[in-house]
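One-letter residues, chain by chain:
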Amino acid sequence: MSKKRTIVIFGATSSIAQATARLLAQEGAHIVLVARNAERLEMVSNDLAVRGASQVDKWVADLSNTEDHAELIAAITKSVGRADIALIAYGMLGDQHRAEKDFTHANDIVQTNFASAVSLLHAISDWFVASCTGTIVVLSSVAGDRGRQSNYVYGAAKAGLTVFLQGLRNRLFRQGVRVITIKPGMVDTPMTSHLRKGLLSTKPHRIAQGIVTAIEKKRHTVYLPGFWRPIMFVIRHIPEIIFKRLKL
Amino acid sequence: MSTETYNSWGRYFNYSHRVVPVYWTDDTLFTQAESEKLSVLPFGYGRSYGDLCLNDHGILLVTNNLDRLRTFDRENGILQCEAGVSLETILNFSVPRGWFLPVTPGTKFVTVGGAIANDVHGKNHHKSGTFGRYVKRFELVRSDGKPIICSAEQHSDLFRATIGGLGLTGLITWAEIQLKPITSSLIDCETIRFANLEEFFHLSETSDKEFEYTVAWIDCLATRDSLGRGIFIRGNHLHCTPPRYTTDSNSLSLTIPCNAPEFLLNSLSIKLFNAFYYHRQRRKQVRRHQHYGAFFYPLDKIGAWNRLYGKRGFFQYQLVLPNSHARAIRLILETVADSRLPASLAVLKQFGDIEASGLMSFPIPGITLSLDFANYGQKTFELFQQLDAVVVEHGGRIYPAKDAQMSAQIFQQSYPAWREFKDFVDPLFSSSFWRRVTPSP
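Some remarks on the interface of chain A and chain B
If you look at the interface, chain A gives 18 residues, while chain B gives 19 residues. Summed over both partners, the interface of chain A with chain B comes to about 1,600 Å²; 50% of that surface belongs to carbon and sulfur atoms. Of all residues in chain A, Arg40(A), Met43(A) and Val50(A) give up the largest surface area on contact with chain B, accounting jointly for 37% of the area buried on that side. Our count for the chain A to chain B interface comes out at three salt bridges. Notably, a salt bridge pairs Arg40(A) with Asp27(B), separated by 3.1 Å at the nearest N-O pair. The interface formed by chain A and chain B includes seven residue pairs in polar contact (both at pLDDT 80 or more). When contributions to the side of chain A that touches chain B are tallied by element, the ones reaching two or more residues are α1 (15-26) and α2 (38-51) of chain A. By residue class, the composition of the side of chain A that touches chain B is four nonpolar, seven polar and seven charged.

Here's the deal with the environment of Ala53(A)
All names here are of chain A. Residue placement: Ala 53 occurs in the loop between α2 and β3 (55-60). A relative accessible area of 12% places Ala 53 in the buried class. Through-space distance from the C-alpha of Ala 53 to that of Ile 31 is 6.8 Å; in sequence the pair is 22 residues apart.

Points about the side chain of Thr221(A)
Residue and element names in this part refer to chain A. Mapped onto the elements of the fold, Thr 221 is located in strand β7 (residues 221-224). In terms of polar contacts, Thr 221 uses its side chain to reach the side chain of His 220, at 3.1 Å. Other than its neighbours up to four places away in sequence, Thr 221 contacts Arg 169, Thr 181, Lys 183 and Arg 229.

Quick look at the nonpolar core
With 127 residues, the main nonpolar core has Ile90(B) and Phe138(B) as its most contacted residues. No other element matches the seven residues that helix α10 (residues 378-393) of chain B contributes to this core. Contact partners of Phe138(B), with chain neighbours within four places excluded, come to Ile116(B), Ile148(B), Ile149(B), Cys150(B), Phe159(B), Thr162(B), Ile163(B), Ile172(B), Trp174(B) and Ala175(B). Core analysis: the next-biggest nonpolar cluster, separate from the first, contains 34 residues, Ala35(A), Met43(A), Ile85(A) and Trp24(B) among them.

Quick look at the packing of helix α3 (residues 69-80) of chain A against helix α5 (residues 103-131) of chain A
Residue and element names in this part refer to chain A. Where α3 contacts α5, the two axes come as close as 9 Å, and the packing angle between them is 35°. In the packing of α3 onto α5, the handedness of the crossing is right-handed. The residues of α5 that touch α3, namely those facing His 69, Ile 73, Ile 76, Thr 77 and Val 80, are Ser 116, Ser 119, Leu 120, Ala 123, Ile 124 and Trp 127. Grouping the constituent residues of the contact of α3 with α5 by class yields seven nonpolar, four polar and no charged.

A few points about the sheet that holds strand β4 (residues 85-88) of chain A
Within a sheet, each strand pairs with its neighbour through backbone hydrogen bonds, oriented either parallel or antiparallel. All names here are of chain A. Overall, parallel pairing links the seven strands, which are arranged β3-β2-β1-β4-β5-β6-β7 in an open sheet. Unpaired on one side and paired on the other, β3 and β7 mark the two borders of the sheet. Averaged over all pairs of adjacent strands, the angle between their axes in this sheet comes to 15°, without regard to strand direction. As judged from the five bridges shared by strand β5 (residues 135-139) and strand β6 (residues 178-184), these two strands associate in the parallel manner. In the strand pairing of β6, Val 137 is matched with Ile 180.

Cut-offs applied
- Counting starts from 1 at the beginning of each chain's written sequence and moves along it residue by residue.
- Working convention: letters from A go to chains and numbers from 1 go to ligands, in the order in which they are written.
- Local features in this predicted model are restricted to residues of pLDDT 70 or higher, and side-chain atom pairs are both shown and tallied only at a pLDDT of 80 or more, whereas totals for entire chains, interfaces and linings draw on every residue.
- To get the side-chain values, all heavy atoms of the structure are used, and hydrogens and water are removed first.
- Here a residue-residue contact requires only that any non-hydrogen atoms of the pair lie within 4.5 Å.
- We define buried area as the total accessible area lost by two parts upon association, computed with a 1.4 Å probe and summed across both.
- Salt bridges are identified by distance alone: a Lys or Arg side-chain nitrogen within 4 Å of an Asp or Glu carboxyl oxygen.
- Distance and chemistry together define a polar contact, namely a pair of N or O atoms within 3.5 Å, with one atom able to donate a hydrogen and the other to accept it when in protein, and with adjacent residues in sequence counting only for side-chain atoms on both sides.
- Per the convention used, a helix needs a DSSP run of H or I reaching at least four residues, while a strand needs a run of E reaching at least two, with both numbered from the N terminus.
- When residues are grouped by polarity, Ala, Val, Leu, Ile, Met, Phe, Trp, Tyr, Cys and Pro land in nonpolar, Asp, Glu, Lys and Arg in charged, and all others, Gly among them, in polar.
- Accessibility here uses a 1.4 Å probe with only protein chains present; expressed as a share of the type maximum, an area under 20% marks a residue as buried, one over 50% as exposed, and anything in between as partly exposed.
- Only buried residues count toward a nonpolar core, which is a set of Ala, Val, Leu, Ile, Met, Phe, Trp, Tyr and Cys residues joined through side-chain atoms within 4.5 Å.
- Helix axes use the C-alpha atoms of the stretch in contact, all axes being lines fitted to C-alpha atoms, and the angles between their N-to-C directions lie in the range 0 to 180 degrees.
- What makes a crossing left-handed is the near helix being turned counterclockwise from the far one by less than a right angle; a clockwise turn instead makes it right-handed.
- Whether two strands pair comes down to DSSP finding at least two bridges between them.

So yeah, pure geometry; function would need other evidence.
So this is what it looks like as C-alpha cells:
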C-alpha cells in the first residue's frame, strides 16, 4: 500500500465520514472533502489537518443538484489527478409518515439516497476507470435488505442503491476498480438522534474502522457491525406471509 | 429529542432527561428548552460522581460529539479544540508530538468542557494549580445572545465564573489550552510506604519541592497507631534525549460487563484489599519508570469499574481542609473509623498555594482527602453529614464534582462566592446539584 493515499469524501460532514477521514488523516492521507455547508466543512477540514492529514481540500457543493455532478467531478479530477478511494457518505433518513402523505418528501428521500448517487457514481466511475484503479465505497443500509412499514421509502431507495452497486461492481471489476457496499445498522449520528437507541446501536468510529478494514481486505459487501449479517439473513428469509403481519 | 435515563459516575441518581445531542459548535441549542420551558445543562462523559452533571426532568446538552480539534501550535503547544474532546483524545494526539496535559485528573475519560466546568486538579496541584490556569480562552454560548469569546482579557468576569462554573454559565463550545512539553511518555516514579499520618505529612513536605507529582493512597481501615498509613507516590516526567514516546500500554484491558453482586465489596473484602495493597510493596521504597497511563490513570484500565459497586451505586466524598487545620484530617479519619463503614479507596494529597483561576474552584491551600463508599443507605448519608460538619467547622469545603448530598447551608457557608457567582448563571441553565444547594425560597 502506498503511503499517502488520496481519498475523496462526498457528504464529508456526516458522522461516519468524519470518523473515517480521521483514521486516514492519522496516516497522513490527502483528503478531499465535498459537502454542502461551508462552515461545517471548515470545522471538519481543520480537524483533519490538525490530526495529521498531509493535505485537505474543500469543495462546497449540494450533491442533490445532479446536473452539477459531471462538472464537479471534472474539477476535482483536474485538481487532484488520481484518487485511491471515493467514499459516498451522504444520505437522508427522512420521515416515513410524512413520505406517505407528501410525495415531495418521498421523492426527496429517493432522490438523495438513490437517484443522486446513481448520477454521482457514474461520474466517479468514469474518473476511476481512466486510471484502472481505486476503490469506491458507498454507504447503503441494512434497511435496504427488506421493506418494513417503519421506513420502507428510505429502505427502497437504499435497496435500489445496493442493487445498483452490485451492477456497478460487476461492470468495473474487469477494469480494476473495486466497489464496496457498506450496510451499517443503527448508528448513533445526527440522522438518528431523534430515535431511541437500542442495544444494537453503534458509534460512528466503529463503523469507520469497519470501512477501513473493508478497504484493506478488498471486501465487496460489508455489514457493520458484523452481527447485522446474521440478523439480516434471518429477516430476509422470513416468509412474506408471516413478515407482512409483523410490526418491525 | 428523546427521553433517557442518565446517570453520573456514582450511579446513585437515576434521573430521566430530555436529551439534545450537540454536533456542531453552531447548532441551535435552546429551541426545545424555550418551547417546553425546561432548563438545560451541558453533559460530557458523566464522570462527576453525584448530581452535578444531572438535570432531573430537564434537558441535557450532550457534548461528546463536539470532538473536533481546531488548531494546534506545534511550536508553543497551544491546542484549540471543541469542548467535547476527551483528555484521552488530547493525550493520544499530543504525546507523540511531545506535549502533555498541564494538569490531569485521575481519569482521562473527561471532556475539556467538563475539566473547565469543574476546574479539575491533579497530582501536580502543588506545582501547577488547577486546569483552569492553562485555559487561554474559550467560546461560551449563552441562551440570550451571540457566542462570547472569554479570556483573562476579554469578558474576564465571565471567564472566571465559567472556570469551575459547574456548567451553569452557558455551553462551552471550544477552548484553547496550553500544553506542556515532555521528552518521554514515561514517569520516573517512586512509591514509599508510610506508617501513619505524621509520616505522610513529613513525606509530603519533603517531596513537594522536588517532585512534580505527589499523592498518597491510604489504608483507611487501619486505626490507632497505624491511622493514616499508606503508600506515598511521587514522580517526575522522565527526560530522554533524544525524545522517545511509546504508545499508551494502558488501553482498556477489561470491562465490567454488568452490575456486580453487592456482597462483593463488603467490609472484609475491602479490609483484605487495603491490607494487601499496603503490604504488597515489600521494601519501604521502590523506584521505577512507569508509562503515564499506568501512573495517572490506573482505574481507566478497568472499563465501567463503577459497576463493581453493584446496583446500589457508590459515593465519593472529597474534602479539603486549610493548612491551618490540616491535622483535623485525623479527626475525619477517626469519624470514618467510628462509623464502621468501610471506605474502599482513600486518597490524600497536599494542595499548593497557587490560587485557582475560577470563582467557584474547589481547591484552597491545604490538604485534600477523597473517600469512596458503596451506598450503604441512610448510614452513609449520616456519616457524610457528620463529616460535613467537621469540614466546615475547620474552614474546609466539599468538592461539588464528587458531592451527592451536602446541604444548601453547608455549600453556601463554604463557598461564599456563590452569591457573586449566581449572577453569572445563565437563566436557562440549571442542574440537580444547583437546585439542591441553592433552593429557591
